Amino acid sequence: MTDISEHGIARGLTNYGDRAFALYLRRSFIKSMGYSTAMLERPVVGIASSGSGFNNCHRAMPELVEAVKRGVLAAGGLPIEFPTISLGEVFLNPTSLMFRNLMSMDVEEMVRAQPMDSVVLIGGCDKTVPAQLMGAAAADVPAIQLVTGPMMTGRHEGERLGACTDCRRFWGSYRAGKIDRKTIDIVEGRLATTAGTCAVMGTASTMACIAEALGMSLPGTAAIPAVHADRLRAAEASGEMAVRLIHNPIKPSQIITPKSVHNALRVLLALGGSTNAIIHLTAIAGRLNIPVSLELLNILSDSTPVLVDLKPTGGMYMEDFYAAGGMSALLRELKPLLHLDTLTVTGETLGERLAAEKGEWADHQVVRKASNPIEPVGGLVALFGSLAPGGAILKRSAADKTLFEKEARAVVFTSLQDLSERVDDPDLDITADDIMVLQNAGPTSGSGMPEAGYLPIPKKLAVAGVKDMVRISDARMSGTAFGTIVLHVTPEAAAGGPLALVRNGDRIRLSVKERRIDLLVDEAELALRREQLPARPVLAQRGYAKLYQDHVMQANAGCDFDFLRAADKSK
Ligand code: FES
């Protein structure tokens, strides 16, 4: 038997009070799986697999794992796959966000507790990549992120369809009576037709790009379609790189730094990316004690152009982004705005990567040149004011600019149930000029902060042709959605924030120019209403729901659990 080192299968021995016995026992048990002694001498690469029958976006997981294993074996490592929780966006009740922190704890603890020298994290659907990066950042074992990749588009009567911006567009047409039941049933089968994540610049695609911008994924891999052979080659190369990460250790804490987080914010803004990504990036950075403030977001947003023409901001799909040059093309255009001395999993700096890719072809119809942007300023903007003292988010690149400076009457829905019961009531007192407000859909509301901020246009207005209205809530919005929608209002209504004090008929003022969102009600009246707020109900008595209820933080803190943030070493 070899000496008891702290590497490979000998890492982190089970505690029997006799280390030699623990290693002897571990080796004898792992040999029951047919490994040779020589194979067990190799460094170990864990493969965190998040495949599940409840996650269509991870359908290709088995062949990705196989390709990663190939890369690890070829580089002299021993690949060992292990399962973690999987979060399939549309299969979870009440919302996938509620379970992101649970998955991150699973990843962190299993990476730390099991014997692996490095890990390949395979995820894709919206919350899985954030959860894996949060867990890896906290465990701080050398790690590389591999995404499952986006779906290809489908076709309906000659038109390209991609989940899920087109899902919403067709559903809007159905609600407005423009298409019938038979058509919507046919479209249902044509929206999501391959393995992979949503085909537009939704949350999954945005987080894949952010993982690459941070330096946690191999260069050029974020946008490769799930079913493309390049995706398997990326998996093989990720396995190979995971072995190199053992010999030249680079930990997530060396890659995810204030500078790489700045780069990731620039990329998010230039993509016109998902509003959810700001929550996830804040949570990932928080695991390494790196603050991400909404004030910083605004500063960067004012000097970052939108360059990528993908739905829901533009007209194309992820497969077009990949064919156009993908993240390499985007990073080259953003180069003057980026910190180039940040490290990537390859051991190269971002500057070295971009120098090596200099002069490569790009389709500037899809990834615009910095001199010819889609929008001169970033896709997201934070708003502050008496309605959102802790901030709120608007995706200005996917909103109707004619609604950006507006004062109007509030029409209030007090909960998700109230919204679903009354929004289509023909007698609802509402006009297209009003501002719709949804309360009690934030992190601690019991609803798990759902993607309900995209309030449906009331049916009577939709039928009359209204396509957009100002909508305000403490909820989130799918990255695939569009509209003049103010989200993540902080503090949320359930925590007694000013949003809880809004009443039907109040005046609200939105000014994107001034970055403000204000409730125009005098302070004496608000104080009275505050006193009348009901006591917060106890929503959960036990289990994970109670842990969540007791510890989840507000949107501007990334909705992480307070006890999972990195300790502030300055205190
Ligand atoms: Fe998984 Fe959209 S449902 S990425």
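Residues numbered from 1 in each chain as written. Predicted model: local features only at pLDDT ≥ 70, side-chain atom pairs only at ≥ 80, totals over all residues. Heavy atoms only, no water.

*Asks:* Help me understand the nonpolar core, please; the structure alone is not making it clear to me.
*Replies:* Burial of nonpolar side chains together is a common tendency in soluble globular proteins. Within the largest apolar cluster, 113 residues are counted, with the highest numbers of intra-cluster contacts made by Phe 321 and Leu 330. With eight residues, the top contributor of residues to this core is helix 11 (residues 258–271). The residues contacting Phe 321, other than those within four sequence positions of it, are Met 201, Cys 209, Ala 223, Leu 271, Val 308, Leu 310, Gly 326, Met 327, Val 366 and Val 367. (Core = buried A, V, L, I, M, F, W, Y, C linked by side-chain atoms within 4.5 Å. Buried < 20%, exposed > 50% of the residue type's maximum accessible area, 1.4 Å probe, protein only. Helix = DSSP H or I, 4+ residues; strand = E, 2+ residues; numbered from the N terminus. Contact = heavy atoms within 4.5 Å.)

*Asks:* Explain the environment of Ser 386 here, please?
*Replies:* Tracing the chain through its elements places Ser 386 in the loop between strand 7 (380–385) and strand 8 (388–395). When its relative accessible area of 33% is taken as the criterion, Ser 386 is described as partly exposed. Sequence spacing of Ser 386 and Leu 146 is 240 residues, and the spatial spacing of their C-alpha atoms is 42 Å. If sequence neighbours within four positions are ignored, Ser 386 has contacts with Pro 498, Arg 516, Ile 517, Asp 518 and Leu 519.

*Asks:* Where do I start with the state of the cysteines in this structure?
*Replies:* One covalent bond between the sulfur atoms of two cysteine residues makes up a disulfide. Inspection of the entire model under this criterion finds one disulfide. One disulfide bridge connects Cys 164 with Cys 167, the sulfur atoms lying 2.1 Å from each other. With the S-S dihedral at roughly -105°, the linkage between Cys 164 and Cys 167 falls on the left-handed side. Classification of Cys 167 by relative accessible area gives buried; the value is 17%. We note that Cys 559 lacks a disulfide partner, and the nearest cysteine sulfur, in Cys 125, lies 17 Å from it. (Disulfide = S-S within 2.5 Å.)

*Asks:* What is the right way to read empty space enclosed by the protein from this model?
*Replies:* Rolling a probe over the atoms, with the probe sized like a water molecule, indicates the empty space that remains. Under the criterion given, the structure shown has two cavities of 30 Å³ or more. When its volume is computed, the largest cavity comes out at roughly 40 Å³. Around the largest cavity sit Gly 124, Val 147, Thr 148, Gly 149, Pro 150, Thr 197, Ala 204, Ser 205, Ala 208, Ala 222 and Met 318, which together line it. The element contributing the most residues to the lining of the largest cavity is helix 8 (residues 203–214), with three residues. For the lining of the largest cavity, the class distribution of residues is six nonpolar, five polar and no charged. Volume-wise, the second largest cavity comes out at about 30 Å³. What lines the second largest cavity is simply Glu 212, Ala 213, Leu 214, Gly 215, Thr 342, Leu 343, Thr 344, Leu 350 and Arg 353. Sorting the residues of the lining of the second largest cavity by element identifies helix 8 and helix 16 (350–356) as the ones contributing at least two each. Here the element with the most residues in the lining of the second largest cavity is helix 8; it accounts for three residues. The residue makeup of the lining of the second largest cavity, split by class, is four nonpolar, three polar and two charged. (1 Å grid on protein atoms, 1.4 Å probe; cavity = no way out; pocket = protein on both sides within 12 Å on 5 of 7 lines; lining within 4 Å. Points joined across faces, edges and corners; volume = space filled by probe spheres on them. Nonpolar A, V, L, I, M, F, W, Y, C, P; charged D, E, K, R; others polar.)

By themselves these figures say nothing about function.
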